[in-house]
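# An overview of the molecular structure
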Amino acid sequence: MPDPGIYADSSYHQFERRYIRKFAEKADIDKICEEKFDLYMNFMWGQLTDNVSGVEATQYLESKGVPVLLSPSDYIAKTKLDFQAAAGPGGFRVPGNTTGKYPKIIKYVDGLASIGMDYNSICYNEEQVLKRVDLMRTNEPKREILVQDFIRGIESTAIVVEMGCEVCALAPVDWIFDPTTPVDKAWLTYGNKFEALGEGTIHFQFITDEPRRTNICNSAVAAFKGLGMQGRGAWGRVDMRCEAESGDVYCLELNHMPALFYSKDDKLSDDVIIRETYPGGHEAFIEMLLFTKKCQIEEGKARKTNGSNGITSHNGHTNGVNGHISNGLDDHATNGVNGASAINGYKTNGVNGHAPNGTNQEAIGDFKTRGTTIAEVYDNAADKYDDYQAKMDIRRWQETYFATYDYSGTVLDLACGTGGIGMVIHQANPSAKVSGIDVSPLSLQKPYILKHYTKPISVGYMQNEIMKFKEQSFDHLVCFGALHFLNRTEFMATLSRMFMVARKSIAFDIDDVDQEYIDAIVKHFGEGLRNYNNLVAIQRFGVPNGWRKVIDERRSLFFSPSIHTDVYGQVIRFEKEEIIVNGRS
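Residues numbered from 1 in each chain as written. Predicted model: local features only at pLDDT ≥ 70, side-chain atom pairs only at ≥ 80, totals over all residues. Heavy atoms only, no water.

### Some points on the sheet that holds strand 19 (residues 458-459)
Where we set the bar: Two strands pair under a simple rule: DSSP has to find at least two bridges between them. Numbering of helices and strands starts at the N terminus; helices are DSSP runs of H or I of at least 4 residues and strands are runs of E of at least 2. Throughout, a contact is declared for two residues whenever any of their heavy atoms are within 4.5 Å. Convention adopted: a line fitted to C-alpha atoms gives each axis, helices being fitted over their contacting stretch, and angles between N-to-C directions are expressed from 0 to 180 degrees.
With respect to topology, seven strands assemble into an open sheet ordered 19-18-17-20-21-23-22, the strand pairing being mixed. What marks the edges here is a single partner per strand, and that holds for strand 19 and strand 22 (547-560). Its contacts with the sheet put helix 15 (residues 488-501) on strand 17 (410-414), strand 20 (474-479), strand 21 (502-511), strand 22 and strand 23 (565-576), and the angle it makes with strand 21 is roughly 155 degrees.

### Some words on the side chain of S440
Heads up, the rule is: Only protein chains enter the accessibility calculation, which uses a 1.4 Å probe; a residue whose area is less than 20% of its type maximum is buried, one above 50% is exposed, and one in between is partly exposed. Two N or O atoms form a polar contact when they lie within 3.5 Å of each other; inside protein one atom must be a possible hydrogen donor and the other a possible acceptor, and for residues adjacent in sequence the pair counts only when both atoms belong to side chains.
With respect to the secondary-structure elements, S440 resides in the loop between strand 18 (433-438) and helix 13 (447-452). Residue S440 is classed as buried on the basis of its relative accessible area, which comes to 0%. A polar atom in the side chain of S440 sits 2.5 Å from the side chain of D379. Not counting residues within four places of it along the chain, the set of residues in contact with S440 comprises A375, Y378 and D379.

### Some thoughts on empty space enclosed by the protein
As a reminder of what qualifies: A pocket, in this scheme, is an open set of points on a 1 Å grid over the protein atoms alone with protein on both sides within 12 Å along at least 5 of 7 lines, while a cavity is a set where a 1.4 Å probe fits but cannot get out; residues line either one if an atom lies within 4 Å of a point. Grid points are joined across faces, edges and corners, and a volume is the space filled by probe spheres set on the points. Any residue that is not Ala, Val, Leu, Ile, Met, Phe, Trp, Tyr, Cys, Pro, Asp, Glu, Lys or Arg is counted as polar, Gly included; the first ten are nonpolar and the last four charged.
Applying the stated criterion to the full structure yields five cavities of 30 Å³ or more. Estimates place the volume of the largest cavity at around 260 Å³. Considering the residues around the largest cavity, the lining is formed by 24 residues, among which K107, S114, M117, L252 and E253 are closest to the centre. Those elements that place two or more of their residues in the lining of the largest cavity are strand 4 (104-108), strand 6 (145-149), strand 11 (235-243) and strand 12 (249-255). The element that contributes the greatest number of residues to the lining of the largest cavity is strand 4, accounting for three residues. Looking at side-chain class alone, the lining of the largest cavity contains twelve nonpolar, three polar and nine charged residues. Of the voids in this model, the second largest cavity is the one considered here, and its volume is about 150 Å³.

### Looking at the pattern of salt bridges
A pair can form between side chains of opposite charge whenever their charged atoms are brought close. We count it as follows: Here, a salt bridge means any Lys or Arg side-chain nitrogen found within 4 Å of an Asp or Glu carboxyl oxygen.
Under the defined criterion, the tally for this structure stands at 34 salt bridges. With its nearest N and O atoms 3.9 Å apart, the salt bridge here joins E56 to K22. Taken as a pair, E56 in helix 2 (residues 55-63) and K22 in the loop between strand 1 (13-21) and helix 1 (25-34) lie far apart in primary sequence, 34 residues in all. The class for E56 is partly exposed, based on a relative accessible area of 43%. Two residues, R237 and D270, come together in a salt bridge whose shortest N-O distance is 3.3 Å.

This is the structure we're talking about:
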């Protein structure tokens, strides 16, 4: 059974698992809702023809009005027929059923994990097709059957994840079979998924060749969007085949439940993709899921009835619900039910600047309220901000720093303010093309911005805007004097995406502020300017595969004119290595 708690920081998030039994779904869900978790992660997977909890249980959970992350009921209910119908309008390719073309592959339109599929699912003439269809109907009379052209080529897969209001594909993989395997047997039958993978006779490798890698990622994203899951589905895994003759990518299905959050020793599940390629690993990945839920609620994209996060085992009658409880750093909660289907429940304790009553105020909070306050403060300071920045200790360091490192190429400056960083970059790297993100409209009208920044500049909250940029959009990313406005969930989600967007380097500072300073800021400016100390978070984030940390030093950052104290912190730089672990350069 999946358990996000294995990977979460228990001082920040705590998950509890609950099980939803098929024969007692409503009673079990009523009971877990009485526990008042802050968020419910739905790992239930059963479709209408399955004997485990899923579609109907999730519908009932949604009707309770509790916040739910992952797998809305209509997502679970989608079949391969829905997938086929979405392909044309959605802009992705699926196998057809071409008259007279063989081989064919025969499968049920519903169900997960290739249930009912073996090598005899491949048919080479009409007689074999009819015989196979008859057998499958006899075995499962309630299930519909789909006949498709069998695509000869490479079996591939990609996990798609919603990041803020965008949909992104993670590192795609090919399934590698023994070289002696006949071409029509080089695919994942039910037995291959649960036997050959375990034995190691089938493994996967990360896809590095272009443009195939990009085509696979684009196809996966198109499939997720085409099925109507953007804004509420959270994630999925798209299984594909790349046709050997044409190179075309055919999407086979969208699985609403990737094999994630299993044992740390599991080398077969989708967890390996997160472990080896996702910046910050599972812990940061969890924060991205929570951050995205927050964005969706704020933007009104999440339905009033949210999908549940239940995971089930193939034991016939029970599905699991995992309960996730957090200690107030992220104020999210998930509930899980297992034994039937699983739901994870999650709560927070109101620490680290979160609502003292343990509610979801911070985790499911309001960017606009906080952001508007930040914008107002910096709008008011815009006329004097350049003079203030010029006197700060960090400015002397920045001048030396940007003169030391090569910043030619493209640069994205998060929280660029009035443009002082762009000015300093151009002193040493005049050819650099600097773009920016900031929440203060008046700051973006100042001379340094007009002279040193490429338009358009993104006006908005950096934790939202960074999600909109494609992978490796910029050579360098910098963020000075702003990350202390992000709580831990926002910080780790933003940092993960920064590593995805950057091609060569990332540099930023982190304020080391204590609770006394945080309280003084709130007293002076109000809750909208609450500060956060993310030093522990960056330590737990670690160094992503394919990167190296070249600067991590403590120094004076600035003098706070409002609190009348010096603020110290860390300045950090990461550089991309020539060859990264998953083979891309």
